[in-house]
Structure formats: structure tokens, C-alpha cells
Amino acid sequence: MGYTFAEKILARRAGLAHVAPGQIVTVKPDRLLTHDNTADISRKFRKIGVDRVSDPQMNVIVLDHVVPAADETYATNHKVIREFVVEQGIPAFYDVGEGICHQVLPEKGHAWPGAVIVGSDSHTPTHGAFGAFAAGIGRTEAAAVMATGTIWLRVPESIKIVLTGALPPRVSAKDVILHIIGRLKADGATYCSVEFMGEAIAALSMSGRMTLTNMSAEMGAKNAVVAPDAITRAWLERRVTHPYEEVHADPDAHYARVLEFDVSDLAPQIAKPHTVDNVVPITEVIGVRIDQALLGTCTNGRLEDLRAAAGLLRGKHIAPNVRLLVLPASREVLLAAISEGIVADLVTAGATLLNPGCGPCLGAHQGCMAPAEVTISTANRNFKGRMGSKNAFIYLGSPATVAASALAGVITDPREAA
Amino acid sequence: MRRPTKIIGQLWVLLDSEGQWIDDIDTDMIFHNRYLHITDIDAMGQYALDNLKGWETFAQQAKPGDMIMAGKNFGAGSSRQQAVDCFRALGIGALVAESFGAIYKRNAINSGLPIVVVPELTKMPPGTFNTGDALMIDLVTGELLLNGELTFRGEPFSRVQMDIYQAGNLFEYGRQLEQ
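Our subject in this report is the structure included herewith. Remember, it's a predicted structure, so these values are computed and weren't measured experimentally. (Residues numbered from 1 in each chain as written. Chains lettered and ligands numbered in written order. Predicted model: local features only at pLDDT ≥ 70, side-chain atom pairs only at ≥ 80, totals over all residues. Heavy atoms only, no water.)

## Here's the deal with the overall build of chain B
Part 1 of the argument: Helices and strands together make up the secondary structure of chain B, namely 6 helices and 7 strands.
Part 2 of the argument: For chain B, the sequential pattern of α-helices and β-strands runs β-α-α-β-α-β-α-β-β-β-β-α-α.
Part 3 of the argument: The globule rule puts the C-alpha radius of gyration for 179 residues at 16 Å, and the 15 Å found for chain B is close to it.
Part 4 of the argument: Along the three orthogonal principal directions, the C-alpha set of chain B runs to about 50 × 40 × 25 Å.
Part 5 of the argument: Counting all 179 residues of chain B, 58% fall into the buried class.
Part 6 of the argument: Long-range pairs, those at least 24 residues apart, make up 65% of the contacts in chain B with a sequence separation of at least 6.
Part 7 of the argument: Put simply, chain B shows about 7,500 Å² of open surface, and 50% of that area lies on carbon and sulfur atoms.
Part 8 of the argument: Treating the 15 positive side-chain charges of chain B as one cloud and the 22 negative ones as another, the clouds have centres 6 Å apart. (Helix = DSSP H or I, 4+ residues; strand = E, 2+ residues; numbered from the N terminus. Rg over C-alpha atoms; globule rule 2.2 N^0.38 Å. Buried < 20%, exposed > 50% of the residue type's maximum accessible area, 1.4 Å probe, protein only. Contact = heavy atoms within 4.5 Å. Areas by Shrake-Rupley, 256 points an atom, 1.4 Å probe, with all protein chains shown as cover. Lys, Arg positive; Asp, Glu negative; His and termini not counted. Charge placed at Lys NZ, Arg CZ, Asp CG, Glu CD.)

## Observations concerning the packing of aromatic side chains
Part 1 of the argument: Enumeration according to the criterion identifies 14 aromatic pairs over all chains in this entry.
Part 2 of the argument: For the ring pair Phe-74 of chain B and Phe-100 of chain B, a centre distance of 6.2 Å and an interplane angle of 85° mean the geometry is edge-to-face. Here Phe-74 of chain B is found in the loop between strand 2 (67-70) and helix 3 (82-90), whereas its partner Phe-100 of chain B is found in the loop between strand 3 (94-97) and helix 4 (102-111), with 26 residues between them in sequence. Each of the two residues, Phe-74 of chain B as well as Phe-100 of chain B, counts as buried.
Part 3 of the argument: Ring plane angle 65° and centroid distance 5.2 Å describe the contact between Phe-129 of chain B and Phe-152 of chain B, whose orientation is recorded as edge-to-face. Here the residue Phe-129 of chain B occupies a position in the loop between strand 4 (115-117) and strand 5 (134-138), and Phe-152 of chain B occupies one in strand 7 (residues 150-153), the gap between them amounting to 23 residues. Residues Phe-129 of chain B and Phe-152 of chain B agree in their burial class; the two are buried.
Part 4 of the argument: The rings of Trp-12, Trp-55, Phe-58, Phe-74, Phe-87, Phe-100 and Tyr-104 of chain B are connected pair by pair, giving a single aromatic cluster.
Part 5 of the argument: Sitting over the ring of Trp-235 of chain A, Arg-239 of chain A keeps its end group 3.9 Å from the ring centre.
Part 6 of the argument: Over the aromatic face of Trp-152 of chain A sits the side chain of Arg-106 of chain B, whose NZ or CZ is 4.1 Å from the ring centroid. (Phe/Tyr/Trp six-rings, centres within 6.5 Å; stacked < 30°, edge-to-face > 60°. Lys NZ or Arg CZ within 6 Å of the ring centre and 35° of its normal.)

## Notes on the sheet that holds strand 2 of chain B
Residue and element names in this part refer to chain B.
Part 1 of the argument: Read from one edge of the open sheet, 7 strands run 4-3-2-1-5-6-7, paired in mixed fashion. In this open sheet, the two edge strands, each paired with only one partner strand, are strand 4 and strand 7. Sheet twist, expressed as the average angle between the axes of neighbouring strands with direction ignored, equals 30°.
Part 2 of the argument: Where strand 6 (residues 143-146) lies against strand 7, 4 bridges are found, and the strand directions are antiparallel. Directly across from Leu-146, in strand 7, lies its bridge partner Leu-150.
Part 3 of the argument: This element, helix 4, spans strand 3 and strand 4 of the sheet and lies at about 135° to strand 4. (Pairing = 2+ DSSP bridges. Axes fitted to C-alpha atoms, helices over the stretch in contact; angles between N-to-C directions.)

## Quick look at the nonpolar core
Part 1 of the argument: Phe-58, Phe-74, Phe-87 and Tyr-104 of chain B are the most contacted members of the largest nonpolar core, which has 83 residues in total.
Part 2 of the argument: Here this core gets 6 residues from one element, more than from any other, and that element is helix 5 (residues 139-148) of chain A.
Part 3 of the argument: Look past the residues within four positions of Phe-87 of chain B in its chain and what remains in contact with it is Ile-30, Ala-48, Leu-49, Phe-58, Ile-68, Phe-74, Ile-92, Leu-95, Tyr-104 and Leu-113 of chain B.
Part 4 of the argument: Formed by 43 residues, the second largest nonpolar core is a distinct cluster that contains Leu-259, Ala-271, Val-276 and Leu-354 of chain A. (Core = buried A, V, L, I, M, F, W, Y, C linked by side-chain atoms within 4.5 Å.)

## Points about the sheet that holds strand 3 (residues 59-62) of chain A
Residue and element names in this part refer to chain A.
Part 1 of the argument: Sheet architecture is open: 5 strands sit in the order 4-3-2-5-6, paired in parallel fashion. A single partner strand is all that each edge strand has here, and the edge strands are strand 4 (93-94) and strand 6 (133-136).
Part 2 of the argument: For strand 3 and strand 4, the ladder comprises 2 bridges, and the chain directions are parallel. Of the residues in strand 4, the one forming a bridge with Ile-61 is Phe-93.
Part 3 of the argument: Its contacts with the sheet place helix 1 (residues 5-14) against strand 5 (116-119) and strand 6, and it is angled at close to 95° to strand 6.

Okay, structure coming up:
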């Protein structure tokens, strides 16, 4: 009998011949990702009573959640982190302006096929797009990993999701994953390892694959993975310079569930307030008034996303009653968007350009909403009160949907836009 | 000192105004993002569940030792540990649900807070569980006893979960491994 991706990688890393779902193994992660919460994690780390992190090369620290600092509390936390980085001699530190942790980590070569990555952020499964086992953990646990260099993991059951067909124009990976979450619901993959495969995946860029694995967290997945192929290897070239060993699921592996979706006729999808699994085809919400449109985040802030939006916005102007906020996911994305002329297109069309970072996605700054306001966003969460007022509304959609809606001032089907 | 493996408490059953289970209670409902700057655990308790409709005053009424029962996917969403710590601050004795968010469950285990999965919970007849009921949980066998009458099954603690619980929390567990 064959084994799934999660079973193979965890067995290998635990030094066992094979493992079974439910079994608990102890492994040494390759990377521990932490962000602004490193301030609190470093305080917890000190309470353990060890002086040094077990392996400074393991740590990747990215300031992204509230950057630049919005007030004295955030500024103090950032300062604590910078001092911790110097004290512990951690080389992989990315300060204000580098971008969102889930974009910066792979850009700087910290994700590769066969890697084990844990991070104190729930969207850490993003890095499974590169063929890594990547899972989110809490702060106490992150402090413990810093101290010990090891972590216990329960071997997850696996779900196989096969995507067939080819995506129609102006329908993207975001629409695919919203559709899947709408079907599986918020607890549809709880504790599970989700493996994406099929011809529609093979056709996706790394950017689209990251959108899928990123949002797998919204159906409860522990991790999500896309098997590495030529597209993965090409993306990693010059970023990951050390050798790595790919891990591929066996063809005869046992899965708890196998689901198949044909994407050929998929319409743009929208998650309505206030849960991510409240998904409908866009045709059911066309005409909903919006006050704000958000293009960015770890889900959809990459060059391909900005390009899709610019394709609709170029030479036009957003509706007068709409604020369009654009946050490139990283400095690298921002520079590429500048040199392609995308930034000029977006800003000319009325967009407000914000620095690379998480921005208003988590409701701390840079675009919180007043009561009764509506945002259409490319982010991954629309929980009640996530972006400011508890009485505001968040709709989630693709970059093309957000751009088309910003132009019209109401939710608009990007397939209908000029 | 061994911590008890049979624990008893009074239940808070997280139902909506129509008596239905509230599934997918996310970490923003448990501990809203506007309080994330708080780092003192004792200050977190007062905000527990204050963004969950109908449960805004829970924190003012809960007593140490009380237990929380919820439907599916309790603690979905972000990795924020404050959503576990706010219950520890109130002295909550255990969390019981049909399922939990994966990171949430780890956070609770690593904090030494008993967290018990009851796979058939929401399939039991409506009205079975009421706020104020007495619940006894055997952490070793996973057996639960409601009001001294009704017995039902949850998942027993895994070995690592029991070891962390007995040590107190993940840090103490790690220290014991070192010795």
C-alpha cells in the first residue's frame, strides 16, 4: 500500500519506515516562521529559561502585520523584535517594507519541496504550494520550537482534491478555492492534509497555487500541498540554492476523501458576510453597493493578481464613492509592478497605494471600516468585525472581481466588464 | 503532584437564541482582534466570547471550574493563542466540542487546558445539554457523564496530550524531557 504526502514526509523526518494517521511524531522543522507576534513569543521564550534559540538558521522573522507601526504599542513590539534578532544572531529577519511573511518566506528561499515549515500564523499552509509540509502553530508552541528545535505533530488524514478542465477567462484560482470551501464548509478539512492535483493545477502558476494552499486554512486544513513540477522548480531556481529531495504522494495512497471538481464552467465566486464558506456564484450578489475595495494580502497580492486588476482598470477610473486600496504582497512584487507600469495604471485609475504588508486585512490600521460600510476584498477572511466595525460587511472575491466592482461601485461580474 | 484525570464542572452550552448549535465559532468571536495588544493573560478573561452574539456577558458570569461545550469547528480561524488564554484566565476547566480548529486544539493542549472531542455531539437530541448541567469527564477513557445520568463517549487524551496536561503545559513538559 502506498502513502500520502503527509505520511511520507513525516515518516522520513521522524526517521520511521512509515507512519499512520493519528500517530504522533516528533520532528525538527527546517524553518520556524514568526511575524509581529515574535515580541510576545520572545517573552514566552525567555520564560522557558534557556538563553539561546536552538538554531538561529531555523528562524524566519518578518514584520508584516502592522507596518509601519500604527502606535506606540506596536512600535515597542517591533523594537523588542529587532533587539531579539540581534541578540540571538538570527540572519533571516525582514523588517518593515519587505512584505507579507507568506510572500517573503518563499521569495527569500526559505520554502522548498520536502521542507517542514511551522509558523505562528494560521495561513502558514501557503508554503505547501512549493511541495513543503507547512502548518500553523500557536505562540507558546513557537517559543518551544525556538528553544528545543523540535515539535510534536499528529500525522493528519489526507484529502485528495482533483481539479480537471481549464479555467475560463477572468476566472482564477481564488474562484476555485472559494468554490471548494463553499462545498466542503469551514470544517470540511479539519486536521487534514489537503493534496491538490489534476490538470487545472498543473496549469496554474505558483501565484495561483499559493492562493489555493493559503485558503485551505479556511476549511480547517492542517496543511495543503501541490506536488512540485517544472513550474515549481523554475520558480525556486536562484532562490533555493541548496539541494532538496522532493516528496510525492504514492499513486496508490489511501485518502480519507477524494473530491473532483471540473473548473471548465466555473463562474467567479463570492464569499458573503460573515463566514468564508458562505459562498455563492457572483451572479447572486451583483449590484451590492460597496464603499471600499481591497486588492492585496497573502491570498492575492502577487504580481499576477495586480496584473489582472490593472487589465480591467487601465485607462479608466474607479467609481467616485469607492476607495480602492492596493497592497503589493512584497517589495519584490511592488518593484515588478512598478517596472511593468501596473502601479501607474492602478494609481491613475484612483487606487490608493499602501506599503507591502497585511494592511487592513486584520483590522488594525490602513483602511478599517465604519458601521454599515461594505468592502469587497481579495483577502481570505470575512469574519464579523475583522476589518473594523462589527456592523460592517466583507465580501471576498478574486482580483478581477474586486477591480470590476471598484469601477462600478457595486459588485460586478468581471466577465461582463469591458 | 498529579493533576486529576476525572474533572467535574458546570456547563456553558454555546447555543443560539433558538437553541441550535453555533458551528464555526471563530477566534474573532472568542477573542476579538481589537484586544490583541493585551499581553497580560489575567486581563484577557473579561473579553472572552464578547463578540459572539448572545454570549457577550459570558465572561462576567463564568466561574472557575466551569466548562464550555460547543458544536463543530470551535476555534476556527486565526492562530491567536489569546482565544485559549482568555478561558484559562477565567479558570475554565475544560472545552468540549464536536470538533475544534486544528491550531486551536494544539494551543489548548500545549496550555494544559483539557480539550475533548465528542464526535457525535451535535447528533444527540436537541435539548440534551443545557447551561448549568453538571459534566464529569474522564480524560483517560474519554467517557463523559451528564448530570450523573447520561453517559456518552468522547475521544480519550492522546499520550502527548496527557503528558503535557500532567506536566502543566508545554514548557514544563519540555523541562521534564530535558531531565
